[in-house]
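# Structural characterization, general
Listed here are the chains, written in short residue letters.
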Amino acid sequence: MSDDHTHVQEFFTARAADWDSKFPDDGPAYAAAVSEMGLEAGERVLDAGCGTGRALPSLRAAVGSSGTVIGADLTPAMLEAASQAGRGQAGALLLADVTALPLRTESLDAVFAAGLIAHLPEPSENLRELGRVVRPGGTLALFHPIGRAALAARQGRQLTPDDLRAEANLGPLLARSGWRMMSYVDEPGYFLALAVRGS
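Presented here is an overview of the structure given in this document. (Residues numbered from 1 in each chain as written. Predicted model: local features only at pLDDT ≥ 70, side-chain atom pairs only at ≥ 80, totals over all residues. Heavy atoms only, no water.)

## As for the sheet that holds strand β1 (residues 44-48)
- If you walk across this open sheet you meet the seven strands as β3-β2-β1-β4-β5-β7-β6, and the pairing is mixed. What marks the edges here is a single partner per strand, and that holds for β3 (92-95) and β6 (179-187). Neighbour-to-neighbour, the strand axes of this sheet turn through a mean angle of 15 degrees, independent of strand direction.
- The sheet contact formed by strand β2 (residues 68-73) and β3 spans four bridges and is parallel. Within the sheet, the bridge partner assigned to Ile-70 lies in β3 and is Ala-92.
- Running over the sheet, helix α3 (residues 27-36) touches β4 (108-114), β5 (134-144) and β7 (190-197) and is turned about 25 degrees from β7. (Pairing = 2+ DSSP bridges. Helix = DSSP H or I, 4+ residues; strand = E, 2+ residues; numbered from the N terminus. Axes fitted to C-alpha atoms, helices over the stretch in contact; angles between N-to-C directions. Contact = heavy atoms within 4.5 Å.)

As structure tokens, then:
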């Protein structure tokens with residue numbers, strides 16, 4: 001977990017140009033996760049920490065032409081890669097810090113966040129900020145295109161009991177942040193925790 005936005009920007013800036021080619025097979029997992037959110041036509045959804053915008057086409061398909069799709073990211077190079085890939089046509093690309101979003105309170109129906117939680121400096125507070133911009137009853141999807149064990153192996157590390165994405169840790173973390181976890185899946189090729197914002 002990083003508490004330094006500059007470090008996060010440097011990490012992703014260095015990888016933005018090759019990000020999609022490094023993970024070319026993630027598309028179906030993104031589409032499956034978006035489908036689990038139960039989005040409806042006309043709804044307003046944020047992809048928080050959107051990176052190269054891989055979720056944006058699926059989010060647009062889910063909410064239709066009458067819906068609103070926003071992809072927000074801290075790293076200009078990632079948003080540039082999203083734009084070059086044509087994903088800005090699926091949603092508005094916004095240079096923004098997801099820990100302090102320039103969005104109105106309760107202005108959204110849902111938030112999608114792929115791989116974001118490991119980069120949040122203050123997870124409880126930052127998840128509360130995501131909740132601020134979502135209406136009561138709205139949805140949060142915390143996603144990763146591979147499971148916790150597979151990700152740890154890819155990164156050359158061991159899973160530890162304090163892993164934020166472990167079900168025993170994530171449920172209480174979400175609860176402290178104003179969310180209620182509704183489902184949790186951690187399989188080798190897919191991680192998805194869905195939560196609902198409280199009233």
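Continuing now.
## Observations regarding the packing of helix α6 (residues 123-132) against helix α8 (residues 167-176)
- Between α6 and α8, the least distance of the axes is 8 Å, while the angle of their chain directions is 60 degrees. Taken together, the axis directions place α6 and α8 in an arrangement best described as oblique. Note that α6 runs across α8; the crossing there is right-handed. Together, Pro-123, Ser-124, Leu-127 and Arg-128 of α6 and Leu-173, Leu-174 and Arg-176 of α8 make up the contact between the two elements.
- Class assignment of the residues belonging to the contact of α6 with α8 gives a composition of four nonpolar, one polar and two charged. (Parallel < 35°, antiparallel > 145°, perpendicular 65-115°, else oblique. Left-handed = near helix turned anticlockwise from the far one by under 90°. Nonpolar A, V, L, I, M, F, W, Y, C, P; charged D, E, K, R; others polar.)

## Some remarks on the side chain of Asp-26
- Residue placement: Asp-26 occurs in the loop between α2 (19-22) and α3.
- Residue classification places Asp-26 among the buried residues on the basis of a relative accessible area of 10%.
- One polar contact links Asp-26 to Arg-54, side chain to side chain, over a distance of 2.9 Å.
- Here Asp-26 is in contact with Arg-54 and Pro-145, once residues within four sequence places are set aside. (Buried < 20%, exposed > 50% of the residue type's maximum accessible area, 1.4 Å probe, protein only. Polar contact = N/O pair within 3.5 Å; in protein donor to acceptor, adjacent residues only side chain to side chain.)

## Examining α8
- Among the residues making up α8, those that are buried are Leu-170, Gly-171, Leu-173 and Leu-174. Each buried residue of α8 sits inside an arc of 170 degrees when the element is viewed along its axis, so together they form one side. Pointing more than 90 degrees away from the buried face of α8 are the exposed residues Ala-168, Ala-175 and Arg-176.
- The inward-facing, buried residues of α8 abut α6, β5, β6 and β7.
- Following α8 by one or two positions, Gly-178 has its phi on the positive side, about 90 degrees. (Arc of directions from axis to C-beta.)

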